[in-house]
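Read off the chains here:
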Amino acid sequence: MGGPALIYWSSLTEFLHMGGYGPFVWGSFLVAGVAMALECWQIVQSRRRLIAQILEQAPASGESLGLAAR
Amino acid sequence: MKFSLFYFSSPQRFYPLSGRLVPWFYGLAGLLAIAGLVMGLLVAPTDAQQGDAYRIIFIHVPTAWMSMLVYLAMAFWAAVGLVFGARLASMLALALAPTGALMTFLALWTGALWGRPTWGAWWVWDARLTSELLLLFLYLGFLALHASIEDPRRADRSAAVLAIVGAVNVPIIYFSVKWWNTLHQGASVSLTKAPSMASQMLSAMLLMVFAVWAYTIAVALARCRTLILDRERHTEWVADILRNDLNSRQPRWEGQP
């Protein structure tokens with residue numbers, strides 16, 4: 001790994017091992033990362049679903065949306 | 001031109017503004033998180049007492065702080081919505097709740113994973129942990145109550161009362177380590193005394209705190225935009241936005257097989 005002075009670890013194995021606390025440290029950071037990624041994905045999905053629903057649900061307002069014109 | 005804070009309190013004006021802000025806050029969150037993770041996991045030395053288990057602090061403290069701050073923000077906007085009948089304020093409160101619940105869950109989860117190696121227990125019923133668990137139930141209660149009432153404005157008002165009453169819990173969480181004997185360590189950083197941490201550890205933690213701040217603002221604004229579209233779906237300006245959206249996407253769709 002890179003500069004010896006900057007990075008605390010001397011090998012990747014040591015880094016992953018986290019002084020014996022690997023499962024606890026990685027279990028914290030990974031779950032947090034995955035949970036936030038899922039939240040972002042859920043927000044995008046619900047927005048898409050809502051827009052599709054609004055467009056679909058309004059046959060009359062499709063006119064007002066200018067959809068029928070195209 | 002007179003600048004007015006109330007200018008953006010209309011959903012119609014807030015929608016495009018927040019749309020421009022969201023990518024910036026996502027980007028800021030990403031950059032700060034990368035810097036904080038590099039600093040906290042790669043650069044900062046190990047802790048003399050706790051070994052490398054202490055590194056959980058870099059995700060535990062930011063999410064735990066955020067869980068309380070989001071609640072205060074949620075209760076504040078819910079109160080504004082309740083007292084002044086401001087629709088956008090109620091939508092902001094509702095948009096904050098799921099992220100607050102997530103932050104609370106993560107604070108509890110990372111706390112359990114930190115407690116096990118340092119205290120020898122995943123969970124103890126002490127003041128700090130129990131009041132934080134209560135915070136999770138308050139968020140879930142807010143969301144469940146809101147979801148159970150069909151009329152959105154009535155749901156806003158009922159949930160706001162719950163949010164405001166529940167705000168009492170936040171100072172209880174914060175001061176619990178002072179008021180009661182608890183296993184949980186005291187604050188590592190406070191406004192009144194110098195932090196009891198090495199500078200690399202402190203800067204890593206602050207970077208992660210600001211990353212979580214930026215993340216929370218980004219997702220809350222993004223969620224609020226969906227709520228605005230949903231509630232204003234019958235208005236002309238939403239129709240305009242969806243029409244423009246469709247028209248700008250249409251040529252690309254047609255170009256594809």
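It should be noted that the structure appears before, not after, this text.
Nothing here was measured: the structure is a model prediction, and the numbers come from that model.

How each quantity is defined
- The numbers attached to residues start from 1 for each chain and follow its sequence in the written order.
- Written order determines the labels here, with chains lettered from A and ligands numbered from 1.
- Given that this is a predicted model, residues contribute local features only at a pLDDT of at least 70 and side-chain atom pairs are listed and counted only at 80 or more, while totals for whole chains, interfaces and linings are drawn from all residues.
- Note on conventions: DSSP H or I runs of at least 4 residues are helices, E runs of at least 2 residues are strands, and numbering of each starts at the N terminus.
- A helix is expected to span 1.5 Å multiplied by its residue count minus one.
- Bend is the name given here to the angle between axes fitted to two runs of seven residues, the run ending at a residue and the run starting at it.
- Here exposure depends only on C-beta density: within 10 Å of a residue's C-beta, 20 or more other C-beta atoms make it buried, 12 or fewer make it exposed, and intermediate numbers make it partly exposed, the C-beta atoms being placed from the backbone.
- Residues are defined as contacting one another if the C-beta atoms placed from their backbone atoms lie within 7 Å.
- Where helices are involved, their axes are fitted lines through C-alpha atoms of the stretch in contact, as for all axes, and angles between N-to-C directions lie from 0 to 180°.
- The cut-offs work like this: below 35 degrees is roughly parallel, past 145 is roughly antiparallel, 65 to 115 is roughly perpendicular, and the gaps in between are oblique.
- When residues are sorted by character, Ala, Val, Leu, Ile, Met, Phe, Trp, Tyr, Cys and Pro go into the nonpolar class, Asp, Glu, Lys and Arg into the charged class, and all the rest, Gly among them, into the polar class.
- Structurally, a nonpolar core is described as a collection of buried Ala, Val, Leu, Ile, Met, Phe, Trp, Tyr and Cys residues joined by way of C-beta atoms within 7 Å.

Side note on helix 1 (residues 11-43) of chain B
Residues and elements named next belong to chain B.
Here's step 1: In a regular helix each residue adds 1.5 Å, so 33 residues correspond to 48 Å; helix 1 covers 44 Å between its end C-alpha atoms and thus fits that length.
Here's step 2: At S18, helix 1 shows its largest bend, some 25°.
Here's step 3: Taken residue by residue, helix 1 has P11, S18, V22, F25, A29, L32, A33, G36, M39, G40 and L41 as its buried positions.
Here's step 4: Buried residues along helix 1 sit against helix 2 (57-84), helix 3 (87-119) and helix 7 (199-231).

Some remarks on the packing of helix 2 (residues 22-57) of chain A against helix 3 of chain B
A pair of packed helices is captured by two measures, namely the crossing angle of their axes and the spacing between those axes.
Here's step 1: Contact geometry of helix 2 of chain A with helix 3 of chain B gives a least axis separation of 9 Å together with a crossing angle of 170°. With respect to their mutual orientation, helix 2 of chain A and helix 3 of chain B come out roughly antiparallel. In contact with F24, G27, S28, V31, A32, A35 and E39 of chain A of helix 2 of chain A, helix 3 of chain B contributes T99, L102, L106, W109, T110, L113, W114, R116 and P117 of chain B.
Here's step 2: Here the residues of the contact of helix 2 of chain A with helix 3 of chain B sort into 10 nonpolar, four polar and two charged.

With respect to the interface of chain B and chain A
Here's step 1: The partner chain A presents 29 residues to the 33 residues of chain B that form the contact.
Here's step 2: Of all elements in the fold, only helix 1, helix 2, helix 3, helix 7 and helix 8 (236-255) of chain B reach the threshold of two or more residues within the side of chain B that touches chain A.
Here's step 3: Looking at the side of chain B that touches chain A, the element that brings in the most residues is helix 3 of chain B, giving nine residues.
Here's step 4: Here the side of chain B that touches chain A is built from residues that sort into 19 nonpolar, seven polar and seven charged.

Quick notes on the environment of W237 of chain B
Here's step 1: Following the sequence through the fold, W237 of chain B ends up in helix 8.
Here's step 2: Taking the C-alpha atoms as reference points, W237 of chain B and Q12 of chain B, 225 residues apart in sequence, are found 7.2 Å from one another.

Some details on the nonpolar core
Here's step 1: Counting 75 residues, the largest nonpolar core has M74, A93, M208 and A218 of chain B as the members making the most contacts within it.
Here's step 2: Those elements that provide at least two residues to this core are helix 2 of chain A together with helix 1, helix 2, helix 3, helix 4 (127-148), helix 5 (152-166) and helix 7 of chain B.
Here's step 3: Setting aside chain neighbours within four positions, we find M208 of chain B in contact with A33, G36, G40, F58, I59 and P62 of chain B.

What is shown is where atoms sit, not what they do.
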